[in-house]
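# Survey of secondary and tertiary structure
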Amino acid sequence: MPSGRGFGGDMAAAAASANSDMFDEIVMAEERFHGEGYQEGYAEGSHVGVIEGRRYGSLHGAKIGSEIGCYLGFALTWQCLLQKCMDEKNSKKIRVLDSLIGMIQKFPYEDPTYDKLQEDLEKIRGKFKQLMI
């Protein structure tokens, strides 16, 4: 007689192993789906974030460009008007206008990674306010 296991014992062991494998698959499926969901969500979020960042950057850049263009148009117009009647008071204003125009011309329009962009923009705004007083 064979040892404690016979044909029926092998089937029971195989059935228990199959049940165990099925249970492991269910547990592992949850982990796998969680991981896949995370990866898909991360990829989608990154894609949407890039699109949203570009849109925000374009809008913000356009506002800054419009603001600086307004300052430049103002400065050039007043520079032309004040040169027609030179006196001491207008001479000082023309120097400030020249300074503002120079700052605007040096402003790094093409480099959004320029680390002093906000600082330079604030200086331009300050110089413009100086003219308005």
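Presented here is a report on the structure given in the accompanying data block. These numbers were taken from a predicted model, which means no experiment stands behind them. (Residues numbered from 1 in each chain as written. Predicted model: local features only at pLDDT ≥ 70, side-chain atom pairs only at ≥ 80, totals over all residues. Heavy atoms only, no water.)

## A closer look at the overall build of the protein
Heads up, the rule is: Each helix corresponds to a stretch of at least 4 residues labelled H or I by DSSP, and each strand to a stretch of at least 2 residues labelled E; elements are numbered beginning at the N terminus. Only protein chains enter the accessibility calculation, which uses a 1.4 Å probe; a residue is then buried when its area is under 20% of its type maximum, exposed when over 50%, and partly exposed in between. The contact definition used throughout considers only heavy atoms, calling two residues in contact when any of these lie within 4.5 Å.
What the protein contains, in helices and strands, is three helices and zero strands. Going residue by residue from the N terminus, the α and β elements of the protein occur as α-α-α. Out of the 133 residues in the protein, the part that is buried amounts to 18%. Look at the contacts in the protein between residues 6 or more apart in sequence, and 60% of them connect residues 24 or more apart.

## Description of the packing of aromatic side chains
Counted only if it meets this: Each Phe, Tyr or Trp ring (for Trp, its six-membered ring) is paired with any other whose centre lies within 6.5 Å, and the angle between the two planes then decides the class: stacked below 30 degrees, edge-to-face above 60, tilted in between.
With the rule as written, the count across this model stands at five aromatic pairs. For the pair Tyr 38 and Tyr 42, a centre-to-centre distance of 6.2 Å together with 25° between the ring planes defines the contact as stacked. Here Tyr 38 pairs with Tyr 42, and both are found in helix H1 (residues 7–83), just four residues apart, close to one helical turn. Judged by its relative accessible area of 52%, Tyr 38 falls in the exposed class. Judged by its relative accessible area of 53%, Tyr 42 is exposed.

## Section: the nonpolar core
Keep this limit in mind: For our purposes a nonpolar core is just a set of buried Ala, Val, Leu, Ile, Met, Phe, Trp, Tyr and Cys residues, chained together by side-chain atoms within 4.5 Å.
Of all hydrophobic cores here, the largest spans 17 residues; its most connected members are Ile 64, Ile 68, Leu 100, Ile 104, Phe 107 and Ile 124. For this core, the secondary-structure elements that each account for two or more residues are H1, helix H2 (88–106) and helix H3 (117–132). Counting residues per element, this core draws most heavily on H2, at six residues. With sequence-adjacent residues up to four places away left out, Ile 104 is seen in contact with Ile 68, Tyr 71, Leu 72, Tyr 109 and Ile 124.

## What about the pattern of salt bridges?
Heads up, the rule is: The working definition used for a salt bridge is a side-chain nitrogen of Lys or Arg within 4 Å of a carboxyl oxygen of Asp or Glu.
The final tally for this structure, using the stated rule, is four salt bridges. Between Glu 67 and Arg 125 there is a salt bridge whose closest N-O contact spans 2.6 Å. Of this pair, Glu 67 sits in helix H1 while Arg 125 sits in helix H3; the two residues are 58 residues apart in sequence, bridging distant segments of the chain. Three or more residues joined by partner-sharing salt bridges are found here, namely Glu 67, Glu 122 and Arg 125.

## Notes on the side chain of Asn 90
Turning to its location among the elements, Asn 90 is positioned in helix H2. Apart from the residues lying within four places of it in its own chain, the contact partners of Asn 90 are Leu 82 and Cys 85.

Honestly, that's just the spatial picture; any functional story needs more than this.
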